[in-house]
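Architecture and fold: a report
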Amino acid sequence: MELNKYSLEPDSEVKKVTFFASIIIIFSILLVGLISYVITEKEVVYKLKNKDLATIADAISSKIDSRILRAKETALVLAQDPESMQWVASRENDQRVQRNVMQRISQLTNGMGYSNSFVVSALTGHYWDENGQLIDTMSPSDPDDQWFYDVLAAKQKVTMVIDYNEERKNTFVFVNALMGDVNHPLAVTGVGLSLEDISQHFETFKYGENSDLWLIDQKGNIYLSDDLSYNGKNVIDFLPKEVTKAFLAGIDQELSSTLEYKNNQGQLMDLISYPLASTDWTLLVQIPRNETVAFLQTIKINTLLASIITLISITLFFIFVSRKLANPYKKALQLNQQLEEQVANRTLELREKNQKLLDSIDYAKRIQESILPSQDKLNTLFKDYFLLWKPRDLVGGDFYWSKRFDKELLVAVGDCTGHGVPGALMTMVTISILNQIVDEQTKNDPAQILQKLNVFIKETLHQETKEALTDDGLDIGLCYFNGEDTLVFAGAKSSLYIKTNEEIDIIKGDKKSIGYVRTAKDYHYTNNTRKIQPGDLFYLTTDGFLDQNGGPKDYSFGKKRFIEIISGSYQKELSDQGKVFLRELLNYMGDETQRDDITVMAFKLR
Amino acid sequence: MNKLHIEGSKSTPTVILDAEKNNLFLQGQSYPENAFKFYEPIFQWVDEYLEKLTAEVLVQIDFNLPYINTSSSKCIMMLLERLDKAYASGKKLTLNWYYNEDNESELECAEEFKEDLTFPFNITSRENK
């Protein structure tokens, strides 16, 4: 009984399906997430490089440009002032005019946010600052004054010098204008402006916390930085050498260029340059990639979240599906299991009932055997004998019987209708009637015994009329030995085989069975009398042996074979002959089952 | 009248009772556990058939029963007695009992049946059929 053959617990198939569906859907989500991440990142970086930075650079450059433009205009105004020109031309002799000129310069500085302003005379070399002080006199031999002579030699109306002032940690733009004829200038006048405030503006353009925004020249010198401490340094201080080299080589004054590298912390950095229109400067932005794409973290988290939600949903869905849809299958299994249990219980019940029945029949067998003559009794009756008593079932309708009166002896072998329990019941009835007849009425007339048996059976079983409920009876062969040299045999559909010295004598009984409705109540059986010799062998058999099917054609065993066994083995001890009979029978039967009860009894008298 | 056809088994004969052809056919070994139960429908059919049978019709009966156990032989006898009775009342019928020569008890058995009957009862060896 294998009740656990169909496991009802976790449905492994549904589990598998759930698992694979989850894998596929999560894979899809992750793939979509990854693709959108990559696309977005690419787009964001592209936007940063090509649009945001351009916007920043535009804004910065326009601020710087406008400042410088204004400074140029201021410088020009200063240069073209007639009073100033007159004052310079007079070699700064007119004190009254000087006051006016100085006032104007001072106004320019203070009023318009310039850090300084000045007039340097080409005639005297005097350097006048915004405070009206003569602070220096130009000398061609002083390298610090070299710029003055450069400006004069340039013969350009307006020139611009960018200078980083180490002491002030600031970058200054000096705009110089030539006073008077450019070929013979009277003086160099100009304004200086600090870009410190622009540097402060850089803060607002910053893209991320760790990004850098620098204004550099073509050599990589940092003029302006969002971090003032960077001012005056070179990018090579902050970037790997090779990167700097490659980057500076790639800087183009007209186009923006980009470069990405990994810094020594392994961070992916983007370097983007954007040239400024009004100067030779380039706006350089360094920004870690992860800051650029920082907001993409939300895509990552959302994708992860979607995966988890999907996983849970699918699991719930499949649990639902397996409960609802897969249920018929599960139910079938359950039903099957129930049925199997029922069958098992039924089988057990049947086995128990069968066992009871068998126990009961087994007991009946003991009763039947106790009624049949015992081996000991047969040993005392006969000099030698063998007995094959083989009911088809546990008990049967075949019987053997014997009765001894001093010298006289009665021996019978009978076959009651049916086999099994009904047959056994019949044997009980028959034997008790036989005993009754021979004890009380007649013992030396077998024919009469059979006739009386016929009558008694009919009466006992109420089979006197053709309308009787049952029609049971028996075949029997009955021998009477008078104790000297005479045998009387009467048979009801039964024969006696006698092996004498000379021959095998077969005495056929009458053709009518005993007790059956078809056998008349007054039917007379026939006595057959024979003289016997000591050593004669007598064989009685029921039709079970003769009618047993087998052999190549599945015919009955038959009398012929029976007689052949006798003639083939009569010289053996009877017990050995019995073995031959049994062996021959079994050989003939082969694989066939026993068809009827079988009894063969052979004996030699004392 | 419906044909009665019972397929044979190891312990029961094939039975074909055909009212149209007026042929009663039994073939095979007969030793069922309960012979009366097996032969009961056959008796019923035969009773009904014989009742309707007219005098001018000849009924052909073919038996070939290699083994008949005691209770079956009683049933066969009951069947034969019904036929005998019908014959006595003027119906025409003839029975062919086929036997196998190799099977010694068959002929004996047929002869025993024949003894008690009056209608034409031919015992024929199967080899001569």
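Residues numbered from 1 in each chain as written. Chains lettered and ligands numbered in written order. Predicted model: local features only at pLDDT ≥ 70, side-chain atom pairs only at ≥ 80, totals over all residues. Heavy atoms only, no water.

Helix and strand counts for chain B stand at three helices and six strands. Order of helices (α) and strands (β) in chain B, N terminus to C terminus: β-β-β-α-β-α-β-α-β. Every one of the 129 residues in chain B was classed for burial, and the buried ones make up 52%. Here the analysis covers contacts within chain B between residues at least 6 apart in sequence; of these, 69% occur between residues at least 24 apart. (Helix = DSSP H or I, 4+ residues; strand = E, 2+ residues; numbered from the N terminus. Buried < 20%, exposed > 50% of the residue type's maximum accessible area, 1.4 Å probe, protein only. Contact = heavy atoms within 4.5 Å.)

Helix and strand counts for chain A stand at 15 helices and 23 strands. Each of the 606 residues in chain A was classed as buried or not, and the buried ones make up 46%. Relative to all contacts within chain A whose residues are 6 or more apart in sequence, the contacts with residues 24 or more apart total 63%. For chain A, the computed accessible surface area is about 31600 Å², with 53% contributed by carbon and sulfur atoms. (Areas by Shrake-Rupley, 256 points an atom, 1.4 Å probe, with all protein chains shown as cover.)

With that out of the way, let us pick up the confidence of the model for chain B. Residue and element names in this part refer to chain B. When pLDDT is averaged across chain B, the result is 90; 98% of the residues are at 70 or more. Highest mean pLDDT in chain B belongs to strand β2 (residues 14-18) (94); lowest belongs to helix α3 (residues 104-115) (87). On the interface metric, ipTM, the complex scores 0.79, and its pTM is 0.55. (pLDDT = per-residue confidence, 0-100.)

This next bit is on the interface of chain B and chain A. Taken residue by residue, the interface counts 19 residues in chain B and 27 residues in chain A. Here chain B packs against chain A, burying approximately 2000 Å² in sum over the two surfaces, 38% of which is carbon and sulfur. Counting the contacts that link chain B with chain A gives ten salt bridges. Between Glu108 of chain B and Lys559 of chain A there is a salt bridge; the shortest N-O distance is 2.8 Å. At the boundary of chain B and chain A, one finds eleven residue pairs in polar contact (both at pLDDT 80 or more). Among the secondary structure elements, those contributing two or more residues to the side of chain B that touches chain A are α2 (70-88) and α3 of chain B. (Buried area = accessible area lost by both parts, 1.4 Å probe. Salt bridge = Lys/Arg side-chain N within 4 Å of Asp/Glu carboxyl O. Polar contact = N/O pair within 3.5 Å; in protein donor to acceptor, adjacent residues only side chain to side chain.)

Moving on, we get to the environment of Thr74 of chain A. Residues and elements named next belong to chain A. Of note, Thr74 is situated in helix α1 (residues 12-79). Judged by its relative accessible area of 5%, Thr74 is buried. Taking the C-alpha atoms as reference points, Thr74 and Ile105, 31 residues apart in sequence, are found 9.9 Å from one another. Setting aside its immediate chain neighbours within four residues, Thr74 contacts Leu108, Met112, Tyr114 and Val191. Of note is the side chain of Thr74, whose polar atom sits 2.7 Å from the backbone oxygen of Arg70. A distance of 2.9 Å separates a polar atom in the side chain of Thr74 from a polar atom in the side chain of Tyr114.

The next subject is the confidence of the model for chain A. Chain-level pLDDT for chain A is 85 on average; 94% of the residues reach the 70-or-more range. Across residues 1-8 of chain A the pLDDT falls below 50, and counting only partners more than four positions away or on other chains, this stretch makes 13 contacts in the model.

Right, let's talk about the pairing of strand β1 (residues 116-121) of chain A for a bit. Residue and element names in this part refer to chain A. By the criterion of burial, β1 is predominantly enclosed, with six of the six residues buried. Here β1 shows a buried face lined by Asn116, Phe118 and Val120 and a second buried face lined by Ser117, Val119 and Ser121. Judged from the six bridges that link them, β1 and strand β6 (residues 185-194) form a sheet pairing that is antiparallel. Paired with Ser117 across the bridge in β6 is Val191. With antiparallel pairing between neighbouring strands as the criterion, β1 and strand β2 (residues 126-129) make up a hairpin whose turn holds four residues, including Gly125 at a positive phi of roughly 80°. (Pairing = 2+ DSSP bridges.)

Among the surface-exposed residues, Phe19, Phe20, Ile23, Ile24 and Ile25 of chain A lie close enough to one another that they form a single nonpolar patch of about 500 Å² accessible area. Residue position: Ile24 of chain A is located in helix α1. (Patch = residues over 30% accessible without salt bridge, like charges linked within 9 Å, V, L, I, M, F, W, Y side chains within 5 Å.)

What follows covers the side chain of Asp62 of chain B. Residues and elements named next belong to chain B. Inspection of the secondary structure assignment puts Asp62 in strand β4 (residues 58-64). A polar atom in the side chain of Asp62 sits 3.1 Å from the side chain of Asn23. For Asp62, the contacting residues outside a window of four places in its chain are Asn23, Leu24, Phe25, Leu26, Asn96 and Tyr98.

With that out of the way, let us pick up the sheet that holds strand β3 (residues 23-27) of chain B. All names here are of chain B. Spatially, β1-β2-β3-β4-β5-β6 is the arrangement adopted by the six strands of the open sheet, whose pairing is mixed. Across the chains shown, the open sheet's two edge strands, defined by having one partner strand only, are β1 (4-6) and β6 (121-125). The average angle at which neighbouring strand axes cross in this sheet is 10°, direction not considered. Here strand β5 (residues 92-99) runs beside β6; their pairing, made up of five bridges, is parallel. (Axes fitted to C-alpha atoms, helices over the stretch in contact; angles between N-to-C directions.)

On to the sheet that holds strand β9 (residues 257-262) of chain A, then. Residue and element names in this part refer to chain A. Strands sit in the order β8-β7-β11-β10-β9 across an open sheet of five strands; the sheet is antiparallel. Of all strands in the sheet, those bounded by a partner on one side alone are β8 (222-225) and β9. Neighbour-to-neighbour, the strand axes of the sheet open up by a mean angle of 25°, direction not taken into account. Taken together, the three bridges between strand β7 (residues 212-216) and β8 define a ladder with antiparallel strand orientation.

On to the packing of aromatic side chains, then. What characterises a pair of aromatic rings is the spacing of the ring centres plus the angle enclosed by the ring planes. If you walk through the whole model with that rule in mind, you get 31 aromatic pairs over all chains. A ring pair is formed by Tyr523 of chain A and Tyr525 of chain A, whose centres lie 4.8 Å apart and whose planes are at 75°; its orientation type is edge-to-face. Each member of the aromatic cluster is reached from another via a ring pair, and the members are Phe386, Tyr497, Tyr539, Phe545, Phe557, Phe562, Phe581 and Tyr588 of chain A. Against the face of Tyr570 of chain A rests Lys499 of chain A, its NZ or CZ located 4.0 Å from the ring centre. The lysine or arginine in question, Arg595 of chain A, covers the ring of Tyr31 of chain B, its NZ or CZ lying 4.7 Å from the ring centre. (Phe/Tyr/Trp six-rings, centres within 6.5 Å; stacked < 30°, edge-to-face > 60°. Lys NZ or Arg CZ within 6 Å of the ring centre and 35° of its normal.)

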